[in-house]
Number of protein chains: 2
Amino acid sequence: MAGKRSRRRIPEASVARLPVYLRILSEQFDEGVNSISSEELAEFAGLNAAKVRKDLSYLGSYGTRGVGYEVEFLIYQVRRELGLTQDWPVVIVGAGNLGQALAGYGGFGDRGFPVGGMIDVAESKVGSVVGGVRVRHLDELAQVVQSRNISIGVIATPGTAAQEAADALVAAGVTSLLNFAPTVISVPHGISMRKVDLAVELQILSYYEQRRASTEQSNGLQAVPAERRRGASA
Amino acid sequence: MAGKRSRRRIPEASVARLPVYLRILSEQFDEGVNSISSEELAEFAGLNAAKVRKDLSYLGSYGTRGVGYEVEFLIYQVRRELGLTQDWPVVIVGAGNLGQALAGYGGFGDRGFPVGGMIDVAESKVGSVVGGVRVRHLDELAQVVQSRNISIGVIATPGTAAQEAADALVAAGVTSLLNFAPTVISVPHGISMRKVDLAVELQILSYYEQRRASTEQSNGLQAVPAERRRGASA
DNA sequence: CGGGCTTTGTGAAAACGTGCACGAGCGCCG
DNA sequence: CGGCGCTCGTGCACGTTTTCACAAAGCCCG
């Protein structure tokens, strides 16, 4: 069975949509829906059907022509492709406001990403318990990572400490990073890195607001074409 | 001077990078740097210089050949283009864990997005004060939005209430949404919408982790090409 | 068991974003 | 004041993503 393991690489844009499909499929499954067409799935995801079909085709040919996709089976395939058949414990670096909120937020463990450790440098934080996890000192990071086999690190430090946190995480053996700090961090080749930045998102919205405001008076209503990006329209 | 207001539309990918440049420029300015080249800026942003120059060229020709860009002037231009010369108050719908964390997080007001209102439906929440703002009932949303001239809404409700929150926000006159709920919401044409979803980000990382794990044994070390997306490499 | 209806899977085209390479313009130095 | 070196601005080629359009394939009904 070592054969069909790693199929062709899936384009990043598609990978980013798979979790969305997965959520929709799970919801539908819970409501007792057994079969779903690319058209319906597209409707729920706010995309067009062709894109959905192409995305799913990267997983294999799991649909039935004339019918659609069997929900339960497709869920299994998507989860498998995303590597969600196992848990991925994460370590959170930074036990401030954000770190605590993240640890307290249930949505982590629920979805297969239990908080396997929390790290801070402040002596006042170390030892306290947040979201059921005891905060440890940065010096213990490597030990935490290795003992729990953690490969995903979450950076929830202030911007100034983010690069240091990233370096420590990589040195400890973590290979994927999710960065919440408002700073660009650089990581060695081969390490995956995603970034979530509130301020950036708001500033992007601001751009379109501002643009809306200035075109409104010169043109008639040249409303921004509702920037695409997981947006749906009614 | 009503002339050069709305230049050509800037590609979304570029718009998304402008806030990053802005942050870097501001940091450099604070450190006393007066002039910066596209090369240096690219280094800080983890991008290549050509992309930086192309992005900046959408704002106009503000560089000096042979020299670079004047930091202070460029900051002004980027802020102007992003509409950051004014404050954009936001209203947060959902005063649960996440909503409270967002309101408490200083980074909002600091950057020109003061929390102008918080909304919830639970009587237990209404009336309480979070991050200096009193929580009001959903029924009062329109009034809050109109009285403070709010055009940006933040959705921090559970997934099940997200669409309802979005509808209420749009009905109240909000034209931009930032959605933290793990649900696809649909909005009328002309409304801007961005989404931040923890679980999705983690699942994307999971995909690359899983892939790394399975290629490791079959190939030598066909490390994932460090998926591009605001990632830098050392 | 065959024809019609439906929906998938996928080539090919179009649109979009990125990176390269180089001409154009500016400052500086001799 | 002319030449040199540096860096911007951008045309062009390339790679990726989206969209279109249609043949292939399954199901159902008569």
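Nothing here was measured: the structure is a model prediction, and the numbers come from that model.

I would appreciate a short explanation of the interface of chain A and chain B in the present structure.
Interface size is often expressed as the accessible area that is lost when the parts come together. Contact with chain A, which involves 69 residues of that partner, is made by 70 residues of chain B. Of all elements in the fold, only helix H1 (12–30), helix H2 (38–45), helix H5 (97–104), strand E9 (176–179), strand E10 (186–187), strand E11 (192–195), helix H9 (198–218) and strand E12 (232–233) of chain A reach the threshold of two or more residues within the side of chain A that touches chain B. Of the residues forming the side of chain A that touches chain B, the biggest block, 18 residues, is contributed by H9(A). Classifying every residue of the side of chain A that touches chain B by side-chain character gives 35 nonpolar, 21 polar and 13 charged.

Honestly, the domain arrangement of chain A in this entry has me stumped. Any pointers?
Partitioning chain A into domains gives domain 1 (12–82) and domain 2 (90–196). Relative placement of domain 1 of chain A and domain 2 of chain A: their C-alpha centres are 32 Å apart.

Quick question: what am I supposed to make of the protein's contact with DNA strand D here?
Among the 28 residues in the neighbourhood of DNA strand D, the closest are listed as Pro11(A), Gly66(A), Ser38(B), Gly63(B) and Gly66(B). At the level of secondary structure, the elements contributing two or more residues to the surface near DNA strand D comprise H1 and helix H3 (49–57) of chain A together with helix H2 (38–45), helix H3 (49–57) and strand E3 (68–70) of chain B. Tallied by class, residues from the surface near DNA strand D come to 10 nonpolar, 10 polar and 8 charged.

So what exactly am I meant to see when it comes to the sheet that holds E3(B) here?
Residues and elements named next belong to chain B. The strand order E1-E3-E2 describes an open sheet built from 3 strands, whose pairing is antiparallel. The sheet is open, and its two edges are formed by strand E1 (35–36) and strand E2 (63–64), each paired on a single side. Where E1 lies against E3, 2 bridges are found, and the strand directions are antiparallel. Directly across from Ile-36, in E3, lies its bridge partner Tyr-69. Across the sheet, helix H4 (residues 71–82) lies against E1 and E3, angled at about 75° from E3, the strand it touches most.

Sorry, what's going on with the sheet that holds strand E2 (residues 63–64) of chain A here?
Whenever strands of a sheet pair, they do so through backbone hydrogen bonds, lying parallel or antiparallel. All names here are of chain A. Read across the open sheet, the 3 strands follow the order E1-E3-E2; overall the sheet is antiparallel. For this open sheet the edge positions go to strand E1 (35–36) and E2, each flanked by a neighbour on one side alone. Direction of pairing for E2 relative to strand E3 (residues 68–70): antiparallel, over a ladder of 2 bridges. In the strand pairing of E3, Gly-63 is matched with Tyr-69. Contacts from helix H4 (residues 71–82) reach E1 and E3 within the one sheet, and its direction differs from that of E3 by about 75°.

Which parts of the structure should I look at to understand the relation of the copies chain A and chain B?
In summary, the two copies of the chain are related to each other by a rotation about an axis coupled with a shift along it. Mapping chain A onto chain B is achieved by rotating through 180° and translating by 0.0 Å along the same axis, at an RMSD of 0.1 Å. The superposition of one copy onto the other is thereby described by a two-fold rotation axis. The rotation axis passes nearest to the C-alpha of Ala101(A) in chain A, at a distance of 3.3 Å. The overlap is high: 100% of the interface residues of chain A also sit at the interface in chain B, so the same surface is used on both sides.

Looking at this structure, I do not really get the protein's contact with DNA strand C. What am I missing?
Near DNA strand C, the surroundings consist of 26 residues, among which Ser37(A), Gly63(A), Gly66(A), Arg65(B) and Gly66(B) are the closest. Sorting the residues of the surface near DNA strand C by element identifies H2, H3 and E3 of chain A together with helix H1 (12–30) and H3 of chain B as the ones contributing at least two each. Of all the elements, H3(A) adds the most residues to the surface near DNA strand C, at 5 residues.

Explain the confidence of the model for chain A to me, please; I cannot follow it from the model alone.
Detailed reading of the predicted model is not advised wherever pLDDT is low. Residues and elements named next belong to chain A. Per-residue confidence for chain A gives a mean pLDDT of 90; residues scoring 70 or more make up 89%. Under a pLDDT of 50 for its full length, residues 1–6 has, in the predicted model, 6 contacts with residues more than four places off or in other chains. Ignoring residues within four places in sequence, the model shows residues 219–234, a span with pLDDT below 50, making 35 contacts including any to other chains.

What's the story with the environment of Pro11(B) in this structure? I'm lost.
All names here are of chain B. Structurally, the position occupied by Pro-11 is in the segment before H1. According to the C-beta neighbour criterion, Pro-11 is exposed, with 12 such atoms within 10 Å. It is 25 Å that separates the C-alpha atoms of Pro-11 and Pro-89, two residues lying 78 residues apart in sequence.

The rules behind each value
- Residues numbered from 1 in each chain as written.
- Chains lettered and ligands numbered in written order.
- Predicted model: local features only at pLDDT ≥ 70, side-chain atom pairs only at ≥ 80, totals over all residues.
- Contact = placed C-beta atoms within 7 Å.
- Helix = DSSP H or I, 4+ residues; strand = E, 2+ residues; numbered from the N terminus.
- Nonpolar A, V, L, I, M, F, W, Y, C, P; charged D, E, K, R; others polar.
- Domains from an automatic or database assignment.
- Near = placed C-beta within 6 Å.
- Pairing = 2+ DSSP bridges.
- Axes fitted to C-alpha atoms, helices over the stretch in contact; angles between N-to-C directions.
- Least-squares fit on C-alpha atoms with pLDDT ≥ 70 in both.
- pLDDT = per-residue confidence, 0-100.
- Buried ≥ 20, exposed ≤ 12 C-beta atoms within 10 Å, placed from the backbone.

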